[in-house]
Amino acid sequence: MDVSDLLTEAYDRLPDLVHAAVDGLSPEQLRQQPGLGANSVGWLVWHLTRVQDHHVADLLDAEQIWVSGDWASRFGLAADPDDTGYGHSPAQVAAVRPESAQALIDYYQAVAARTGSFLAGLVPADLDRVVDQAWDPPVTLGVRLVSVADDDLQHVGQAAYVRGLIEAG
């Protein structure tokens, strides 16, 4: 299997999972935290999308979709390119207020489309390119793409779980 096809297969699973995690939830349900200090469905999907947007934009040396459009206002946030949710306090988690499930779906679809275009052009040799010298060993493009997919898949699974708690509740 071609490396581009393999990565595309992994990333192409995410849009349906994101849609299933949020579709039909009200803004209040998207913000509902199942426990003190826990992440909401809306925060989890926003965060996984921000991580992908942030990292892929960096790989492309391009502006993030988050800051190039009117996305931040749809979430009640500033268009801060450094805010991906890492290290958020409970108050910061609660401050992520998606206006609707569709806002989450639309933002994810915009990010996924750019990621898909990027993945389609990859050749095996691209994966060995070092993209981050701050780690030991330095991070290659292949490792970064697997890391983003792993993070996104974990968070969309968490969002589906929290959705189940909300619906059962």
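Data block above holds the structure.
Here is a short report on the structure shown in this document. A quick note: this is a predicted structure, and the numbers were derived from the prediction, not measured.

**With respect to the packing of helix 2 (residues 14-22) against helix 7 (residues 101-120)**
Relative to each other, helix 2 and helix 7 sit at 170 degrees, their axes nearing to 9 Å. Viewed along their axes, helix 2 and helix 7 adopt a mutual orientation that is roughly antiparallel. Listed contacts from helix 7 to L14, P15, V18, H19 and V22 of helix 2 are A101, L104, I105, Y108 and A112. Here the residues of the contact of helix 2 with helix 7 sort into 9 nonpolar, 1 polar and no charged.

**Looking at the packing of helix 2 against helix 8 (residues 141-168)**
Two elements in contact, helix 2 and helix 8, have axes whose closest approach is 8 Å; the angle formed by their N-to-C orientations is 25 degrees. With respect to their mutual orientation, helix 2 and helix 8 come out roughly parallel. Viewed along their axes, helix 2 and helix 8 form a crossing whose handedness is left-handed. Along the contact surface, helix 2 presents L14, L17, V18, A20, A21 and V22, while helix 8 presents D152, L153, V156, A159, A160 and R163. Within the contact of helix 2 with helix 8, the residues separate by chemical class into 10 nonpolar, no polar and 2 charged.

**Some details on the nonpolar core**
Where a protein is soluble and globular, its nonpolar side chains tend to be buried together. Core analysis: the largest hydrophobic core is formed by 46 residues, its most contacted members being V22 and L145. Taken together, the elements giving at least two residues each to this core come down to helix 1 (3-11), helix 2, helix 4 (41-60), helix 5 (65-68), helix 7 and helix 8. With 10 residues, the single largest contributor to this core is helix 7. Sequence-distant contacts of V22, defined by excluding residues within four places in its chain, comprise L30, V41, V45, A101, L104, I105 and R163.

**Thoughts on the pattern of salt bridges**
Pairs can form between side chains of opposite charge once their charged atoms are near each other. On inspection of all chains with the given rule, the structure shows 7 salt bridges. The salt bridge partner of D53 is R50, with a shortest N-O separation of 3.5 Å. Remark: R50 and D53 occur in helix 4; sequence separation between them is 3 residues, near one turn of the helix. Looking at D53, the relative accessible area reads 1%, which means it is buried. Of the residues examined, R50 reaches a relative accessible area of 0% and is grouped as buried. Linked by salt bridges that have partners in common, R50, D53 and R114 make up one network.

What counts, and at which threshold
- Residues numbered from 1 in each chain as written.
- Predicted model: local features only at pLDDT ≥ 70, side-chain atom pairs only at ≥ 80, totals over all residues.
- Heavy atoms only, no water.
- Axes fitted to C-alpha atoms, helices over the stretch in contact; angles between N-to-C directions.
- Helix = DSSP H or I, 4+ residues; strand = E, 2+ residues; numbered from the N terminus.
- Parallel < 35°, antiparallel > 145°, perpendicular 65-115°, else oblique.
- Contact = heavy atoms within 4.5 Å.
- Nonpolar A, V, L, I, M, F, W, Y, C, P; charged D, E, K, R; others polar.
- Left-handed = near helix turned anticlockwise from the far one by under 90°.
- Core = buried A, V, L, I, M, F, W, Y, C linked by side-chain atoms within 4.5 Å.
- Buried < 20%, exposed > 50% of the residue type's maximum accessible area, 1.4 Å probe, protein only.
- Salt bridge = Lys/Arg side-chain N within 4 Å of Asp/Glu carboxyl O.

By themselves, these figures tell us nothing about what the structure is for.
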